[in-house]
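Each chain is listed here by its residues.
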Amino acid sequence: MNSEFAIEARGLTKRFGDLEAVSHLHLDVPRGQIYGFLGPNGSGKSTTIRMLCGLLTPTEGSATVLDTEIPGDAKLLKPKIGYMTQKFSLFGDMTVLENLQFIAEIYSFPTRERKARIEELLDRYNLVEQRKQLAGTMSGGQKQRLALACSVLHHPPLLLLDEPTSAVDPQSRRDFWSALFRLAEAGTTILVSTHYMDEAERCHRLAILDHGAKVADGTPADLQQKTGMHVIEVRADDPYRAQAVISAIPRIASVTQLGVRLRVLLPDTVDDPVAIVNGELQGAGLDATAILSTASLEDVFVAVTLKPNRRAA
Amino acid sequence: MKSLSRIMAILRKEVRQLRRDHLTFGMVIGLPIVQMLLFGYAINTDVRNLPTAVANQAGTHLSRQFVAELEQTQVVDIIDHVDSPQQLEGLLRQGKISIGVHIPHDFDRRIVDTSRSAVHLLVDGSDPTILAVAMQLRMMPVSFDSANSVDRGPLPIEVRPYYNPERRTPVNIVPGLMGVILTMTMILFTAVAIVRERERGNLELLINTPVSSAELMIGKVVPYILIGMIQLALILAVGRLLFDVPVRGSILDLYLAATAFIAANLSLGLFLSTAAKTQFQAMQMTVFILLPSILLSGFMFPFEGMPKFAQWLGELLPNTHFIRLTRGIMLRDAGIGDLYAEIVFLIGFTIVAMTAAALRFTKRLD
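Quick caveat: nothing in here was measured; it's all calculated off a predicted structure. (Residues numbered from 1 in each chain as written. Chains lettered and ligands numbered in written order. Predicted model: local features only at pLDDT ≥ 70, side-chain atom pairs only at ≥ 80, totals over all residues.)

Visitor: Whenever I open this one, the overall build of chain B confuses me. Can you help?
Guide: Looking only at helices and strands, chain B features 14 helices and five strands. Along the first, second and third principal axes, the C-alpha set of chain B runs to 90 × 60 × 40 Å. For chain B, the proportion of its 366 residues judged to be buried stands at 39%. Put simply, 79% of the contacts in chain B that link residues at least 6 apart link residues at least 24 apart. (Helix = DSSP H or I, 4+ residues; strand = E, 2+ residues; numbered from the N terminus. Buried ≥ 20, exposed ≤ 12 C-beta atoms within 10 Å, placed from the backbone. Contact = placed C-beta atoms within 7 Å.)

What follows is the structure, encoded as structure tokens:
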């Protein structure tokens, strides 16, 4: 009966007028894992999450979320999912405690266990001192911890998190991710969207979205091995000129500057890529050296989101 | 020079933003026009066609001639003929007529013997404008065409103001003001209450919980019904203590009428909230409802004095019907039964607005 996947999407599509926000998306999210959506703004991450929780009706396609059909009766699904919106959506003019109590009442959390559960959450998410504070006056990190506490209060087996860390500092992000791992270990399936590479790397599996379509998916390690690209790192005294020279090489997929270094992507059908790049650099009289490197997740992202015309070039 | 170019930059930005804010732009154009039309039509002290009933107990040629002359002034619009002054009083209480004309059976004798009044005008004195018009009717010259008639000037007409014999303005204003205050607060509160949650993002959280749309609507509306009841009690208390405004009818009837009225306004507020994107827009929309509710509802100017078109508009507003109810219950000791048509309208309005709001609201979730 129970599928091994918490979410199975088949050809999920959403159009807003002429804009295809999500295009024929296939997804298999295994239970108990952290599954990442990596993509730039406007790539369809939020729209997909909203369709999966029944907030938006797909234009085409369907999905099974925790054995509930989408589109269908989303009412059955609501008590089983926790959802964290991109923008802080709790009540700024109520205290931390009042917000948690409100959520507990809305989800009809058993009255007897309510108090203990709220105390447990205050403690776990480090909000004990803020319990009487108005939520609107808290820092970004505190608001985010409160939002997570509220979304997990009713023990949902599935968490949908829409760019939960976009408004918080790096330390808060690390703390937040350890909380997510803890939830995953306890069996919660977590779908999280992000545009941070370091966060994507922490996911068990991830899908890279670009312009509403899934352009790659798999474990981070898988994706790094199967880019279909040679990755070459170039150190140059004049990286700006070096970039111009390398960009002129036929079949170059992309050149990205990182300080004094350049990350160069070439299709893996090209033989001896390092020699080609070094030859061009020396031919231009530049003091620069190219060495073969391994793909980072950022390289993967660049490789799979290349414009088709650049990829062909 | 630099300062000028910076001022110009701000200026161009303002114009550009204003052009894109259609509702504000609409207010810039629409408000003067709407205000002019509203005030132009509503402010009309030259009141005509006051609904009138006649109890002609004389039934003579002369008395019928008098009624015909009365009708020719166009001040009155005779909508009914009854047998007794008691029936006139009944129609007055129900708010069906503003003036009752009672002609005693010895009318023919009384027009000769000027020591006694030949005609009694029973006037709804709760509206001072109507009373003033009735007073003017006393000056109406009547020229009976019988052979022996001499110009004897105006007839001895007696005006009997009902319900507000002292002719005090607060007695007329307070029942209407109740409707205006409730219109303003109820529509604004509900419209803003939902739009605020949408603006702050709370709504996206709420609709992802097991809360149904109906539960959300009911939970949001009920507190405001209570607030409306408190406001009503405050207005009544202040009216009674400071301005000595009576409640001649039953308080229960008044609260029943107010419940229907508050429900109508809250439904309208909910409907506006589905159309407004920001709290500011919700406020702008409230103003567009509030203005006609003040001007076309019979609150400031007699309903009968307005042209037909303005009356039709007025009939669509909940406040018009509520003001008829409050004036009837508070001043004329009318019961809900006398004014059931107004209650029926308010309930119908609530159902229509609520349905429209619910239909639009479910769509907005998608």
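Read on for the rest.
Visitor: What's the story with the overall build of chain A in this structure? I'm lost.
Guide: The secondary structure content of chain A amounts to 12 helices and 14 strands. Judged by the C-alpha coordinates and their principal axes, chain A covers about 75 × 45 × 35 Å. With 313 residues in all, chain A has 42% of them scored as buried. Taking contacts inside chain A between residues at least 6 apart in sequence as the whole, the part at least 24 apart equals 70%.

Visitor: Would you take a moment to explain the nonpolar core for this structure?
Guide: Most often, soluble globular proteins keep nonpolar side chains buried together rather than apart. Ranked by internal contacts, the top residues of the largest apolar core, which has 91 residues, are A:Ala149, A:Leu160, A:Leu191, A:Val234 and A:Val264. Sequence-distant contacts of A:Ala149, that is, excluding residues within four places in its chain, are made with A:Leu100, A:Leu121, A:Tyr125 and A:Leu127. Judged by nonpolar contacts, the second largest core, of 58 residues, contains B:Val192, B:Ala263, B:Leu317 and B:Met330. (Core = buried A, V, L, I, M, F, W, Y, C linked by C-beta atoms within 7 Å.)

Visitor: Is there a simple way to explain the interface of chain B and chain A in this structure?
Guide: By convention, interface size is frequently given as the accessible area that disappears when the constituent parts associate. On the chain A side, the residues contacting the 11 residues of chain B number 16 residues. If one sorts the elements of the side of chain B that touches chain A by residue count, helix H8 (residues 202-206) of chain B sits on top with three residues. Residue classes in the side of chain B that touches chain A are distributed as four nonpolar, four polar and three charged. (Nonpolar A, V, L, I, M, F, W, Y, C, P; charged D, E, K, R; others polar.)

Visitor: Honestly, the sheet that holds strand E3 (residues 99-103) of chain B in this entry has me stumped. Any pointers?
Guide: Residues and elements named next belong to chain B. Taken together, the five strands give an open sheet; going across it, the order is E2-E1-E3-E4-E5, and neighbouring strands pair in mixed fashion. The open sheet terminates on both sides in strands that have one partner only, identified here as strand E2 (76-82) and strand E5 (157-162). When the angles between neighbouring strand axes are averaged without regard to direction, this sheet yields 25 degrees. The pairing of strand E1 (residues 50-56) with E3 spans five bridges and is classified as parallel. When the sheet's bridge partners are listed, Ala53 is paired in E3 with Gly100. Running over the sheet, helix H6 (residues 128-137) touches E1, E3, strand E4 (119-124) and E5 and is turned about 165 degrees from E4. (Pairing = 2+ DSSP bridges. Axes fitted to C-alpha atoms, helices over the stretch in contact; angles between N-to-C directions.)

Visitor: Would you mind showing me how to read the sheet that holds strand E10 (residues 213-218) of chain A here?
Guide: In any sheet, the strands associate via hydrogen bonds between backbone groups, in a parallel or an antiparallel arrangement. All names here are of chain A. The sheet built from six strands is open, its strands ordered E6-E7-E8-E3-E9-E10 with mixed pairing. In this open sheet, the two strands that pair with only one neighbour each are strand E6 (81-84) and E10. Shown here is a sheet whose adjacent strand axes are inclined to one another by a mean of 15 degrees, direction ignored. When strand E3 (residues 34-38) meets strand E8 (residues 189-194), the two strands line up parallel, connected through five bridges. Each bridged residue has a counterpart across the sheet, and for Gly36 the counterpart in E8 is Val192. Here helix H11 (residues 297-304) sits on the sheet and contacts E3, strand E9 (205-210) and E10; the angle it forms with E10, its principal contact strand, is near 145 degrees.

Visitor: Is there a simple way to think about the domain arrangement of chain B in this case?
Guide: All names here are of chain B. One can read the domain layout of chain B as domain 1 (50-162) and domain 2 (169-365). A separation of 38 Å is found between the C-alpha centroids of domain 1 and domain 2. If you look at the interface, domain 1 gives 12 residues, while domain 2 gives 14 residues. Counting only elements with at least two residues in the side of domain 1 that touches domain 2, the list comes to E1, helix H4 (85-93) and H6. At three residues, the largest contribution of residues to the side of domain 1 that touches domain 2 is made by H6. Here the side of domain 1 that touches domain 2 is composed, by residue class, of five nonpolar, five polar and two charged. (Domains from an automatic or database assignment.)

Visitor: Could you clarify how one ought to interpret the domain arrangement of chain A in this entry?
Guide: Residues and elements named next belong to chain A. Parsing chain A into structural domains produces domain 1 (5-219) and domain 2 (227-312). Spacing between the C-alpha centres of domain 1 and domain 2 amounts to 37 Å. On the domain 2 side, the residues contacting the eight residues of domain 1 number six residues. With three residues, the top contributor of residues to the side of domain 1 that touches domain 2 is helix H7 (residues 197-202). Across the side of domain 1 that touches domain 2, the residue classes tally to six nonpolar, no polar and two charged.

Visitor: Mind showing me how you'd approach the confidence of the model for chain B here?
Guide: Low pLDDT means the predicted coordinates in that region are not meant to be read closely. Across chain B, pLDDT averages 84, with 94% of residues at or above 70. Of the two predicted TM-score estimates for the complex, the pTM is 0.76 and the ipTM is 0.77. (pLDDT = per-residue confidence, 0-100.)

Visitor: How should I be thinking about the packing of helix H7 (residues 169-200) of chain B against helix H9 (residues 213-243) of chain B in this particular structure?
Guide: Angle between the axes and distance between the axes: these two values describe a pair of packed helices. All names here are of chain B. Where H7 meets H9, the closest approach of the two axes is 10 Å, and the angle between their N-to-C directions is 155 degrees. It follows that H7 is roughly antiparallel to H9 by the angle criterion. The interaxial crossing formed by H7 with H9 has right-handed handedness. Counting all contacts with H7, which are made through Pro170, Val174, Leu177, Met178, Ile181, Leu182, Thr185, Met186, Phe189, Thr190, Ala193 and Ile194, the residues of H9 involved are Lys220, Val221, Tyr224, Gly228, Gln231, Leu232, Ile235, Gly239 and Phe243. Of the residues that constitute the contact of H7 with H9, the class distribution is 15 nonpolar, five polar and one charged. (Parallel < 35°, antiparallel > 145°, perpendicular 65-115°, else oblique. Left-handed = near helix turned anticlockwise from the far one by under 90°.)

Visitor: Which parts of the structure should I look at to understand the environment of B:Asn56?
Guide: All names here are of chain B. Tracing the backbone shows Asn56 in strand E1. For Asn56, a count of 20 C-beta atoms within 10 Å gives the class buried. Asn56 sits 155 residues away from Val211 along the chain, and the two C-alpha atoms are 65 Å apart. Filtering out sequence-adjacent residues up to four positions away, Asn56 remains in contact with Ser63, Val67, His81 and Ile103.

Visitor: How should I be thinking about unusual backbone geometry in this particular structure?
Guide: In terms of backbone geometry, most residues other than glycine have negative phi values and most peptide bonds are trans. All names here are of chain A. Going from Ile70 to Pro71, the amide bond is cis rather than trans, its omega being -5 degrees. Structurally, Pro71 is set in the loop between strand E5 (68-70) and helix H2 (74-77). A positive phi angle, near 50 degrees, is found at Ser108, a position not held by glycine. Residue placement: Ser108 occurs in the loop between helix H3 (96-106) and helix H4 (111-124). Positive phi, normally seen in glycine, also occurs at His211, with a value near 50 degrees. Mapped onto the fold, His211 is located in the loop between E9 and E10. Residue classification places His211 among the partly exposed positions, given that 16 C-beta atoms sit within 10 Å.

Visitor: So what exactly am I meant to see when it comes to helix H10 (residues 273-283) of chain A here?
Guide: For the α-helix, the turn length of 3.6 residues means that residues three or four positions removed from each other point alike. Residue and element names in this part refer to chain A. Buried within H10 are the following residues: Pro273, Ile276, Val277 and Leu281. All buried residues of H10 fall inside an arc of 125 degrees around its axis, so they share one side. Turned more than 90 degrees off the buried face of H10, the exposed positions are Ala275 and Gly283. Next to the buried residues of H10 lie strand E11 (229-236), helix H9 (239-247), strand E13 (261-267) and strand E14 (288-293). Phi for Gly285, located one or two positions after H10, is positive at around 70 degrees. (Arc of directions from axis to C-beta.)

Visitor: Got a minute to help me understand the environment of A:Arg131 in this structure?
Guide: Relative to the assigned elements, A:Arg131 resides in the loop between H4 and helix H5 (140-152). Apart from the residues within four sequence positions on either side, A:Arg131 is in contact with A:Thr95, A:Val96, A:Leu97 and A:Leu122.

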